[in-house]
Amino acid sequence: MATKLVSKIFRPTLLTQLVSCRSSSVYRPGAGPVSWRRSYSSETPPENISRFPVPNRKDLPYDMVELMDEVETKGGFLPNVFKVLSHRPAEFRAFFSYYNELMNKETGSLTKADRELIVVATSIHNKCLYCVVSHSALHRIYSKKPTLADQVVVNYHNADLTPRELAMLDFAMAVCRSDTITEQHFQDLEKHGFDREDAWDIAAIAAFFTMSNRLAHLTDMRPNLDFYNMGRVPRNKSKDGGPVKSD
């Protein structure tokens with residue numbers, strides 16, 4: 001289920017609906033195909049995940065409910081960022097629309113693992129617990145490298161990075177720190193195969209998650225426990241390729 005969360009967290013058609021639907025469209029029982037048989041943690045949060053109120057899902061606009069239900073069904077749990085940001089529906093839509101454009105695009109030379117590594121480096125600089133934990137998990141899954149994100153969290157200059165990854169993070173951190181960006185920055189990227197559009201992508205991810213980090217600080221957002229172990233240990237499989245069952 002974790003891989004489903006990573007690879008299918010958004011459907012393009014659903015994101016289109018998410019951005020275009022009006023906030024006045026509120027879920028009512030029986031109004032759509034979403035299953036309501038299980039109880040949702042957002043209705044009675046079992047832990048303190050935000051210092052702001054977390055709305056009951058039944059009171060949210062239907063398009064947001066549909067997205068949250070889909071993510072939870074495919075991933076096995078709902079990341080707390082969805083619950084916390086639902087406090088402001090219009091900003092929730094804008095946030096996840098831009099997130100999708102930055103992190104799930106198919107163009108450019110950045111891989112999904114590259115994008116997550118940028119988030120990890122940016123987030124540790126900004127001391128954001130939520131983003132460090134959640135995006136380290138996603139990096140482990142995309143990269144199949146269970147220790148690299150942990151190394152970056154401590155000191156990316158001492159991590160087992162390729163020269164390309166190091167150049168990428170150096171540029172991302174220059175943006176994160178609000179350094180003056182010069183032609184030398186672009187030339188350093190070009191030496192490792194990044195063009196100007198790639199530079200924009202790196203900078204946009206660093207800038208967006210610097211903002212996200214500060215929202216997480218504001219809300220005291222807490223990561224789901226599920227994130228901590230994701231991607232650390234390969235899943236055991238039976239000889240026929242299926243999961244091993246245990247008693």
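Residues numbered from 1 in each chain as written. Predicted model: local features only at pLDDT ≥ 70, side-chain atom pairs only at ≥ 80, totals over all residues. Heavy atoms only, no water.

Per an unreviewed UniProt entry, the protein goes by Carboxymuconolactone decarboxylase-like domain-containing protein and derives from Takifugu bimaculatus.

Moving on, we get to the overall build of the protein. Secondary structure assignment for the protein yields 12 helices and 0 strands. Starting at the N terminus, the α and β elements of the protein follow one another as α-α-α-α-α-α-α-α-α-α-α-α. Nonlocal contacts in the protein, meaning residues at least 24 apart in sequence, comprise 71% of its contacts between residues at least 6 apart. (Helix = DSSP H or I, 4+ residues; strand = E, 2+ residues; numbered from the N terminus. Contact = heavy atoms within 4.5 Å.)

All right, on to the confidence of the model for the protein then. Detailed conclusions should not be drawn from predicted coordinates in areas where pLDDT is low. Confidence in the prediction for the protein averages 84 pLDDT; 76% of positions are at 70 or higher. Below pLDDT 50 for its whole length, residues 1-45 participates in 98 contacts with residues either more than four positions away or in separate chains. Contacts from residues 238-247, a stretch scored under 50 in pLDDT, to residues over four places away or in other chains number 8 contacts. (pLDDT = per-residue confidence, 0-100.)

A few words on the packing of aromatic side chains. In total, this model carries 12 aromatic pairs according to the counting rule given. Relative to phenylalanine 227, the ring of tyrosine 130 has its centre 6.3 Å away and its plane inclined at 85°; by these criteria the two rings are edge-to-face. Of this pair, tyrosine 130 sits in helix H7 (residues 129-143) while phenylalanine 227 sits in helix H12 (residues 226-229), and the two are 97 residues apart along the sequence. Here tyrosine 130 falls in the buried class, since its relative accessible area comes to 4%. Of the aromatic side chains, those joined through ring pairs into one cluster are Phe82, Phe92, Phe95, Phe96, Tyr98, Tyr99, Phe208 and Phe209. (Phe/Tyr/Trp six-rings, centres within 6.5 Å; stacked < 30°, edge-to-face > 60°. Buried < 20%, exposed > 50% of the residue type's maximum accessible area, 1.4 Å probe, protein only.)

For glutamate 165, the location among the structural elements is in helix H9 (residues 163-176). At 4.3 Å, lysine 145 is the nearest oppositely charged side chain to glutamate 165, a buried residue that forms no salt bridge. A distance of 3.0 Å separates a polar atom in the side chain of glutamate 165 from the backbone nitrogen of threonine 162. (Lys, Arg positive; Asp, Glu negative; His and termini not counted. Salt bridge = Lys/Arg side-chain N within 4 Å of Asp/Glu carboxyl O. Polar contact = N/O pair within 3.5 Å; in protein donor to acceptor, adjacent residues only side chain to side chain.)

Residues Phe82, Ile118, Val152, Leu169 and Ile202 are the most contacted members of the largest nonpolar core, which totals 59 residues. Counting residues per element, this core draws most heavily on helix H11 (residues 196-219), which supplies 9 residues. Residue contacts for isoleucine 202: discarding those within four places in its chain leaves Leu110, Ile118, Met168, Phe171, Ala172, Leu189 and Phe194. (Core = buried A, V, L, I, M, F, W, Y, C linked by side-chain atoms within 4.5 Å.)

Next up on the list: helix H5 (residues 89-103). The end-to-end C-alpha distance of H5, which contains 15 residues, comes to 21 Å, matching closely the 21 Å that a straight helix rising 1.5 Å per residue would cover. Buried within H5 we find Phe92, Arg93, Phe95, Phe96, Tyr99, Asn100, Leu102 and Met103. (Expected span 1.5 Å × (residues − 1).)

Following the sequence through the fold, valine 120 ends up in helix H6 (residues 112-125). Non-local contacts of valine 120, meaning those with residues more than four positions away in its chain, are made with Val132, His135, Ser136, Ala149, Val152 and Val153.

Right, let's get into the state of the cysteines. By the definition in use, this model includes 0 disulfides. Here cysteine 131 is not disulfide-linked; the sulfur of cysteine 128 is the nearest cysteine sulfur, at 3.7 Å. (Disulfide = S-S within 2.5 Å.)

A separate point is unusual backbone geometry. Of note in this structure, lysine 127 is not a glycine but carries a positive phi near 60°. Located in the positive-phi region is lysine 144, a residue other than glycine, with phi close to 60°. Here lysine 144 is to be found in the loop between H7 and helix H8 (148-155).

Attention shifts here to the layout of surface pockets. Space inside the second largest pocket adds up to approximately 280 Å³. As for the second largest pocket, its lining consists of 15 residues, of which Leu85, Arg88, Glu91, Leu215 and Leu218 are closest to the centre. Broken down by secondary-structure element, the contributors of at least two residues to the lining of the second largest pocket are helix H4 (80-85), H5 and H11. Looking at which domains feed residues into the lining of the second largest pocket, each of domain 1 (52-104) and domain 2 (109-234) supplies at least three. (1 Å grid on protein atoms, 1.4 Å probe; cavity = no way out; pocket = protein on both sides within 12 Å on 5 of 7 lines; lining within 4 Å. Points joined across faces, edges and corners; volume = space filled by probe spheres on them. Domains from an automatic or database assignment.)

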